Amino acid sequence: MLVFGVGLAGTGAYALLKDNKKTTQEEVVKPTITVENNGDDTITINIKHKKQISKYTYSWNGENEQELNGEGSAYIQKVIDIPIGTNNLKVTAIDVDGTQSEYEGKYVAEEDPKITIDSEGTNIKASITGTNKISYVTYRWDEEEERKVEVGNTTYEQTIEIPKGLHTLTIVAVDINNKTTTKQQEVKGVTKPKLDVKTDGKNFIINASDNEKIEKIEFTLNGQPYSLNVNKKEIQFSYPLVDGENLIKVTVYNTDGLTATFSAKCTKK
């Protein structure tokens, strides 16, 4: 009887230990999160678990976290877009018991269609290229009504006149798959300096002005170069002519980098 009782006690202890171990193992089971890069600037989030998923969240670069209901499922699949550029993804999955798993990874999406904006004097040149054909392009200044251009090609260029002053240009390019790129840029509309050159028979006289400032004036007289720093809005400057024929070339530079040029030939008798 004593031996039998000890045996029962030993069996009970073993069973209890086994049950505790099983419970401990169940407690550490967490949702499994995997992410697939689809190669088209999208990823697929996969969440698997033995239990139901209560909810899951994802965010790019720690901003605008999205929270979604697990809807009582033990398997979840979600396709999301990768933002343009290099981005850090964080995914969290929480089961019905409150156990959670986290995933972090880095993903890159190239801008497509790609929009490039270059300055050309008093104009903006917008160049758009796409892997697929571009359906249409729109652009607008500030909050004005947008202008739409149908494209139907993989490349497109548009020269846009800049209005005077500081403005925000918004360009949107949409390809045939409805993939959209939006680009905004602040642009300052500038004007060329005004230049007038005259002669009084003995001197040539330069009159120059600009809405901002004249930075400098450069001129050549019969091949001899001269330079004058100005740094003001208006200037009048005269220089003596030589006897006989005079070849004059004048270039005025404003502080916005724009120029005005004058060339002439005159004779001092």
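Residues numbered from 1 in each chain as written. Predicted model: local features only at pLDDT ≥ 70, side-chain atom pairs only at ≥ 80, totals over all residues. Heavy atoms only, no water.

S.K.: Give me the lowdown on the packing of aromatic side chains, citing residues and values where you can.
M.R.: In this description, a pair of aromatic rings is defined by centroid distance and the angle of the planes. What the rule picks out here adds up to seven aromatic pairs. Ring geometry for Trp60 against Tyr107: centres 6.4 Å apart, planes inclined by 85 degrees, an arrangement best described as edge-to-face. Highlighted residues: Trp60 in strand 3 (residues 53–60) and Tyr107 in strand 7 (residues 100–109), separated in sequence by 47 residues. Of the two residues, Trp60 and Tyr107, neither departs from the other in class, the shared state being buried. An aromatic cluster of at least three residues, connected via ring pairs, comprises Phe204, Phe219, Tyr226, Phe237 and Tyr239. Geometry around Tyr136 places Lys148 over its ring, the cationic atom sitting 4.2 Å from the centre. When the ring centre of Tyr253 is taken as origin, the NZ or CZ atom of Lys216, which lies over that ring, is 4.9 Å away. (Phe/Tyr/Trp six-rings, centres within 6.5 Å; stacked < 30°, edge-to-face > 60°. Helix = DSSP H or I, 4+ residues; strand = E, 2+ residues; numbered from the N terminus. Buried < 20%, exposed > 50% of the residue type's maximum accessible area, 1.4 Å probe, protein only. Lys NZ or Arg CZ within 6 Å of the ring centre and 35° of its normal.)

S.K.: Could you give an account of the environment of Glu186, naming the residues involved and the relevant values?
M.R.: With respect to the helices and strands, Glu186 occurs in strand 12 (residues 180–189). In this view, Glu186 contacts Leu166, His167 and Thr168; residues no more than four positions away in its chain are not counted. (Contact = heavy atoms within 4.5 Å.)

S.K.: Explain unusual backbone geometry to me, using residue names and the numbers behind them.
M.R.: Residues Asp112 and Pro113 are joined by a peptide bond in cis, for which omega reads 0 degrees. You will see that Asp41, though not glycine, has its phi angle at about 65 degrees, which is positive. When you line up the elements, Asp41 lands in the loop between strand 1 (32–37) and strand 2 (42–48). Although it is not a glycine, Asp142 adopts a positive phi angle of roughly 55 degrees. Tracing the backbone shows Asp142 in the loop between strand 9 (123–141) and strand 10 (147–161). On the basis of relative accessibility, which here comes to 28%, the residue Asp142 falls in the partly exposed class.

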